[in-house]
Amino acid sequence: VQLVESGGGLVQPGGSLRLSCAASGFTFSSYIMSWYRQAPGKERELVASISSTGGSTNYVHSVKGRFTISRDNAKNTVYLQMNSLKPEDTAVYYCNARSITLRYWGRGTQVTVSS
């Protein structure tokens, strides 16, 4: 099983980034996919989730209207489009796959929002 995040980097406040998470080794279309983040000295928090079919999404209040989670089951990939980025969005962003009985994590990608 592999979850490989990409797309992180340094961006100025107000800028945008698109994170990708490529999955392999499991039946991607059967799993709820999520993005979590962890800032230095803080607990890991759930940022956004998307159902297995992509028909339902959920976001933490602080990113609603700015971030969009999506998935392409044909490509086994989940995305996080992040717009209007703020310094408080700075964190390591992790991809997560969840079924009833199993949970997988990626290694994370750093997002830094700074001028």
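Let me sum up the structure you'll find in this document. This one's a predicted model, so the numbers in the text were calculated from it and none came from an experiment.

You will see that N76, though not glycine, has its phi angle at about 55°, which is positive. Relative to the assigned elements, N76 resides in the loop between β7 (67-72) and β8 (77-82). Even without being a glycine, S84 presents a positive backbone phi close to 50°. For S84, a relative accessible area of 40% puts it in the partly exposed group.

Structurally, the position occupied by N96 is in strand β9 (residues 91-98). With near-sequence residues (within four places) excluded, N96 lies in contact with L3, I32, M33, S34, Y36, R103, Y104 and W105.

Definitions and limits used
Residues numbered from 1 in each chain as written. Predicted model: local features only at pLDDT ≥ 70, side-chain atom pairs only at ≥ 80, totals over all residues. Heavy atoms only, no water. Helix = DSSP H or I, 4+ residues; strand = E, 2+ residues; numbered from the N terminus. Buried < 20%, exposed > 50% of the residue type's maximum accessible area, 1.4 Å probe, protein only. Contact = heavy atoms within 4.5 Å.

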